[in-house]
Amino acid sequence: MTEIGFIGLGNMGGPMVRNLIGAGHAVTAYDLAPGKLAAAVGDGARAAASVAEAAAGEAVITMLPAGPEVRAVFTGDGGVLHAARPGALLIDCSTIDLDTARAVARAAAEAGHEMLDAPVSGGMAGAEAGTLTFMVGGTEAAFARARPILEAMGRTIIHAGAAGAGQAVKMCNQLMLAVSMIGVGEAFTLARKVGLDPAVMYDVCSTATSRSWALTDYCPEPGILETAPSSRGYPAGFTAAMMLKDLRLVRAAAEGAGADAELAAHAAQLYERYCAAGHGASDFSGIIRMIKGEV
Ligand code: NAD
């Protein structure tokens, strides 16, 4: 059992806390939103009144929206770096920009703490089921300490390299996911226009060279996979706004590194248009509706 402080109890953090408690850890939770905090208390967490109070445990986990929130929660007045006990293990599971991840990890080391960036893949369903994939950046020693904690929330826990490497992998994953989701959307749009039955197309392509997670696990064409958001009106699993946020992180990283990422830039433009048309809160697979001209 580890005493864990958990900050950020949203769509992902809430179920992650439930799984930590289910695995026997003692969780002290904090969120700016009182309703989220109350829900975590209902799941068996102890309520903290501030970031500092939540940061007093042996380990501190954060699951926050983006880089600015992570910077504020760690390095701000009364932040985690000031409040954590010496040698505490700090794990940020948010998806954030590389520069912030590296800067906060450096500040944590200077303050005497071990810190990991450990963004996740698997969405809200993975968070609920405890089957997330964690991609982790930081030292071997910190990774070894974190592994039993992360195993309570995930199935695949991978050490990707030094500080920032977890965010770097996550970014590359999001680049491929966005491009493949748009590709699948374009293919089903074309298939319909040339008179193909979408079900036939699925049967062929799900076993052919175009097979991808976007097709076989999350097909954006309605009526193919019962469990996919497309068959239920595109309620978010993973919102289009979050995909756009991630593509902006990709763009910043590619520019910073001098890497050519033209398709990612184009995917970002399409998600910008989809979100600007008022669909940011719907599932990211719903972009097929814009490709089809339905929205
Ligand atoms: P969310 O907006 O549902 O939750 C974020 C929570 O952080 C909110 O409850 C908010 O009140 C809280 N918060 C914000 N600032 C705070 C502060 N200063 N102190 C305390 N609490 C604060 O977001 P989410 O969907 O849970 O996503 C969290 C992170 O996980 C994001 O970086 C996202 O990109 C990433 N992610 C999300 C998914 C997904 O499917 N939702 C999948 C993979 C990764």
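For the structure itself, look to the data block above.
Before going into details, it helps to say that this report is about the structure given with it. Bear in mind the structure is a predicted one, so any value in this text is a computation, not a measurement.

With respect to the helices, strands and loops of the structure, Asp-246 is situated in helix H12 (residues 240-257). Buried charge Asp-246 goes without a salt bridge, the closest partner of opposite sign being Lys-245 at 4.0 Å. For Asp-246, the side chain forms a polar contact with the side chain of Gln-174, separated by 2.9 Å. Sequence-distant contacts of Asp-246, that is, excluding residues within four places in its chain, are made with Thr-95, Lys-170, Gln-174 and Phe-238.

Phe-6, Met-16, Leu-20, Ile-61, Ile-91, Phe-134 and Met-153 are the most contacted members of the largest nonpolar core, which totals 33 residues. Residue assignment for this core shows that the elements contributing at least two residues are strand S1 (3-7), helix H1 (13-22), strand S2 (26-30), helix H2 (34-42), strand S4 (59-62), strand S5 (89-92), strand S8 (132-137) and helix H8 (140-150). For this core, the element with the highest residue contribution is H8, accounting for 5 residues. Grouped together as the second largest cluster of nonpolar side chains are 32 residues, Ala-178, Ala-214, Leu-225 and Ile-287 included.

Asn-11, Met-12, Asp-31, Pro-65 and Lys-245 are the nearest of the 24 residues found near the ligand. Between the ligand and Asn-11 there is a distance of 2.9 Å, counted from an oxygen atom to a backbone nitrogen or oxygen. One nitrogen or oxygen atom from the side chain of Asp-31 is found 2.6 Å from an oxygen atom belonging to the ligand. Put simply, the parts of the chain that give the shell around the ligand at least two residues each are helix H4 (67-75), helix H7 (123-129) and H12. The residue inventory of the shell around the ligand, partitioned by class, reads 12 nonpolar, 7 polar and 5 charged.

Looking now at the state of the cysteines. Inspection of every chain in the model, using the stated rule, returns 0 disulfides. Lacking any disulfide linkage, Cys-219 is separated from the closest cysteine sulfur, that of Cys-205, by 9.9 Å. Classification of Cys-219 as buried rests on a relative accessible area of 0%.

Quick look at helix H13 (residues 262-279) now. Spanning 18 residues, H13 covers 24 Å between terminal C-alpha atoms, matching the ideal 26 Å at 1.5 Å per step. On the buried face of H13, the contacting elements are helix H9 (165-193), H12 and helix H14 (287-291).

Covered by surrounding structure in S5 are Leu-89 and Ile-91 together with Leu-90 and Asp-92, the residues of both alternating faces. Here 4 bridges tie S5 to strand S6 (residues 114-117), and the two strands are oriented parallel to one another. Counted as the bridge partner of Asp-92 is Asp-117 from S6. Following the chain from S5 across helix H6 (residues 98-110) to the adjacent parallel S6, one finds a crossover that is right-handed.

The next subject is the pattern of salt bridges. Within this structure, the stated rule accounts for 10 salt bridges. The salt bridge involving Glu-128 is made with Arg-18; its shortest N-O contact spans 3.0 Å. Here Glu-128 is found in helix H7, whereas its partner Arg-18 is found in helix H1, with 110 residues between them in sequence. Between Arg-145 and Glu-114 there is a salt bridge; the shortest N-O distance is 2.7 Å. You can see Arg-145 sitting in helix H8 and its partner Glu-114 sitting in strand S6, a full 31 residues away along the chain.

Another aspect to go through is unusual backbone geometry. The phi dihedral of Tyr-234 is positive, around 65°, even though this residue is not glycine. Locating Tyr-234 in the fold gives a position in the loop between helix H11 (213-216) and H12.

Take the packing of aromatic side chains next. As enumerated under the stated definition, the model contains 3 aromatic pairs in all. With 4.7 Å between their ring centres and 20° between their planes, Trp-213 and Tyr-218 make a pair best called stacked.

With that out of the way, let us pick up the side chain of Thr-100. Along the chain, Thr-100 falls in helix H6. We classify Thr-100 as buried; its relative accessible area is 5%. Among residues more than four places away in sequence, those in contact with Thr-100 are Gly-67 and Arg-71.

It is worth spelling out the packing of H9 against H12 at this point. Helix-helix packing is described using two parameters, namely the angle between the two axes and the distance between the axes. One can describe the packing of H9 onto H12 by two numbers: an axis separation of 9 Å at closest approach and a directional angle of 120°. For the element pair H9 and H12, the recorded crossing hand is left-handed. Contacts from Lys-170, Met-171, Gln-174, Leu-175, Leu-177 and Ala-178 of H9 reach H12 at Met-243, Asp-246, Leu-247, Leu-249, Val-250 and Ala-253. The residue inventory of the contact of H9 with H12, partitioned by class, reads 9 nonpolar, 1 polar and 2 charged.

Here is what the cut-offs are and how they apply
Residues numbered from 1 in each chain as written. Predicted model: local features only at pLDDT ≥ 70, side-chain atom pairs only at ≥ 80, totals over all residues. Heavy atoms only, no water. Helix = DSSP H or I, 4+ residues; strand = E, 2+ residues; numbered from the N terminus. Buried < 20%, exposed > 50% of the residue type's maximum accessible area, 1.4 Å probe, protein only. Lys, Arg positive; Asp, Glu negative; His and termini not counted. Salt bridge = Lys/Arg side-chain N within 4 Å of Asp/Glu carboxyl O. Polar contact = N/O pair within 3.5 Å; in protein donor to acceptor, adjacent residues only side chain to side chain. Contact = heavy atoms within 4.5 Å. Core = buried A, V, L, I, M, F, W, Y, C linked by side-chain atoms within 4.5 Å. Near = heavy atom within 4 Å. Nonpolar A, V, L, I, M, F, W, Y, C, P; charged D, E, K, R; others polar. Disulfide = S-S within 2.5 Å. Expected span 1.5 Å × (residues − 1). Pairing = 2+ DSSP bridges. Right-handed = clockwise from strand over helix to strand, strands pointing away. Phe/Tyr/Trp six-rings, centres within 6.5 Å; stacked < 30°, edge-to-face > 60°. Axes fitted to C-alpha atoms, helices over the stretch in contact; angles between N-to-C directions. Left-handed = near helix turned anticlockwise from the far one by under 90°.

No statement about biological role is implied by the geometric values presented.
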